[in-house]
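Below are the chains, spelled out letter by letter.
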Amino acid sequence: MSPSQQPTNYDLTLETVSGISYYISRPLLEMDGILAVFTARKGGVSREPYSSMNLAFHVGDNRKSVLKNRDLVCSLFDLDFRRMVCAEQVHGTKVAIVGKRDIGKGALSLESSVRDVDALITDQPFTPLTLFFADCVPVILVEPEKRVVSVTHAGWRGVYGNIVGNVIKSMVSPRSELAAGLLAFIGPSIGGCCYQVGGDLIRMFSQRFANSKNWLHGDRIDLGEIVRMQLIESGMAAPNIYICEDCCTSCHNEVFFSHRAGRGTTGRQAAIAAILRKPSSHPRP
Ligand SMILES: [Zn+2]
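Conventions we followed
Residues numbered from 1 in each chain as written. Predicted model: local features only at pLDDT ≥ 70, side-chain atom pairs only at ≥ 80, totals over all residues. Heavy atoms only, no water. Helix = DSSP H or I, 4+ residues; strand = E, 2+ residues; numbered from the N terminus. Rg over C-alpha atoms; globule rule 2.2 N^0.38 Å. Buried < 20%, exposed > 50% of the residue type's maximum accessible area, 1.4 Å probe, protein only. Contact = heavy atoms within 4.5 Å. Areas by Shrake-Rupley, 256 points an atom, 1.4 Å probe, with all protein chains shown as cover. Lys, Arg positive; Asp, Glu negative; His and termini not counted. Charge placed at Lys NZ, Arg CZ, Asp CG, Glu CD. Phe/Tyr/Trp six-rings, centres within 6.5 Å; stacked < 30°, edge-to-face > 60°. Lys NZ or Arg CZ within 6 Å of the ring centre and 35° of its normal. Donors = N, O, S within 2.8 Å, 3.2 Å for Na, K, Ca; no water. Tetrahedral: all angles 85-135°; square planar, octahedral: opposite > 155°, others 65-115°. Disulfide = S-S within 2.5 Å. Salt bridge = Lys/Arg side-chain N within 4 Å of Asp/Glu carboxyl O.

Visitor: Is there a simple way to think about the overall build of the protein chain in this case?
Guide: Secondary structure assignment for the protein chain yields six helices and 13 strands. In terms of C-alpha radius of gyration, the protein chain reaches 18 Å, essentially the compact-globule figure of 19 Å for 285 residues. In terms of its C-alpha atoms, the protein chain occupies a principal-axis envelope of roughly 55 × 45 × 35 Å. The buried share among the 285 residues of the protein chain stands at 54%. The long-range fraction of contacts in the protein chain, counting pairs at least 24 apart against all pairs at least 6 apart in sequence, stands at 65%. Within the structure as shown, the protein chain displays about 12400 Å² of accessible surface, and the carbon and sulfur contribution to it stands at 50%. If you average the places of the 31 positive and of the 27 negative side-chain charges in the protein chain, the two averages end up 5 Å apart.

Visitor: Looking at this structure, how should I read the packing of aromatic side chains?
Guide: For any pair of aromatic rings, geometry is given as the distance between the ring centres together with the angle between the planes. Counted according to the given criterion, the structure contains ten aromatic pairs. On the basis of an interplanar angle of 85° and a centroid distance of 6.4 Å, the ring pair of Tyr-160 and Phe-209 is categorised as edge-to-face. Highlighted residues: Tyr-160 in helix 3 (residues 156-160) and Phe-209 in the loop between helix 5 (199-208) and strand 10 (216-217), separated in sequence by 49 residues. Since its relative accessible area comes to 24%, Tyr-160 is described here as partly exposed. The exposure class of Phe-209 is buried, given its relative accessible area of 9%. Among the aromatic residues, those joined into a ring-pair cluster are Trp-156, Tyr-160, Phe-205, Phe-209 and Trp-215. Sitting over the ring of Phe-57, Arg-70 keeps its end group 4.1 Å from the ring centre. Against the face of Tyr-160 rests Arg-208, its NZ or CZ located 4.7 Å from the ring centre.

Visitor: Just to check I follow, could you spell out the coordination of the zinc ion for this structure?
Guide: Think of it this way: four donors in a tetrahedron around the metal ideally sit 109.5 degrees apart, and six in an octahedron ideally sit 90 or 180 degrees apart. Donor atoms from the polypeptide that coordinate the zinc ion comprise Cys-193 (SG), Cys-194 (SG), Cys-248 (SG) and Cys-251 (SG), at 2.2 to 2.4 Å from the metal. Relative to the metal, the four donor atoms surrounding the zinc ion lie at angles of 101 to 119°, and the coordination shape comes out tetrahedral. Here Cys-248 falls in the buried class, since its relative accessible area comes to 7%.

Visitor: What exactly am I supposed to notice about the state of the cysteines here?
Guide: Two cysteines joined by a covalent bond between their sulfur atoms form a disulfide. Scanning all chains against the criterion turns up one disulfide. Note that Cys-244 is cross-linked by a disulfide to Cys-247, the S-S spacing being 2.1 Å. What makes Cys-244 buried here is its relative accessible area of 7%.

Visitor: What's the story with the pattern of salt bridges in this structure? I'm lost.
Guide: The full count for this structure, using the stated rule, is eleven salt bridges. Taking the shortest distance from any N to any O, the salt bridge between Asp-116 and Lys-94 comes out at 2.7 Å. On the criterion of sequence distance, the pair formed by Asp-116 in the loop between strand 4 (95-98) and strand 5 (119-122) and Lys-94 in the loop between helix 2 (63-76) and strand 4 is long-range, its members being 22 residues apart. Classification of Asp-116 as partly exposed rests on a relative accessible area of 36%. For Asp-219, the salt bridge is made with Arg-220, and the minimal N-O distance between the two is 2.9 Å. Asp-219 sits in the partly exposed class, given a relative accessible area of 28%.

In structure tokens, the structure reads:
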């Protein structure tokens, strides 16, 4: 956290470098030396229907194109894409702690990804935690004091099962009061404008999230709003939650990959979190 008494605004902003567009918290990188970034679909080498910055192996794209895209994105931040850690992403609620021996899992092949989890947590520097999205909600959490980062994949099942609550518990344990100092970044996902669901799902969600109806818009659900509520229920301070504004993947299908707008065959953007340098800008090791 900034040593000054002024609260810092960690807002996400859109940048385009070498044709590659992404949302980033620039203050988090400049002041805390921590990367929180959400990629968009432009600037890569993949062809239709994965054009062009597809970062996931599992969608049927050419493997070499995916590797090239991963290298392009990581290079923007002086990161080695071979140190990426990726998760299997099974729409569950399990979380994995990434240690030294996990570095590189999922970087070069789908098979080597961390199995059976939808969230990754690490305190290892220069280790980009990377999960993939095309409508589901990406969440990056940062504990600036202990210097721990996480990335979470939350589709409706993950939201229903409160995966972000599990991640917060793991990140701050055993000092639950640390949750108040966490920073959260909620990236591009399908919005309450477009995420139309059936009556059964609305009934399930209405029973489970009865405290508020801010997340329900007719037959559409705003998963990001429920995630925001869950972060606050887990002890986070509302002003520490930064949301990518006007980032509905389906409304803006020219900017983002959207599973629904792409009718099931499309690429994946990524949420990437990494600890880079010390906040006092010590030189890199
Ligand atoms: Zn929309």
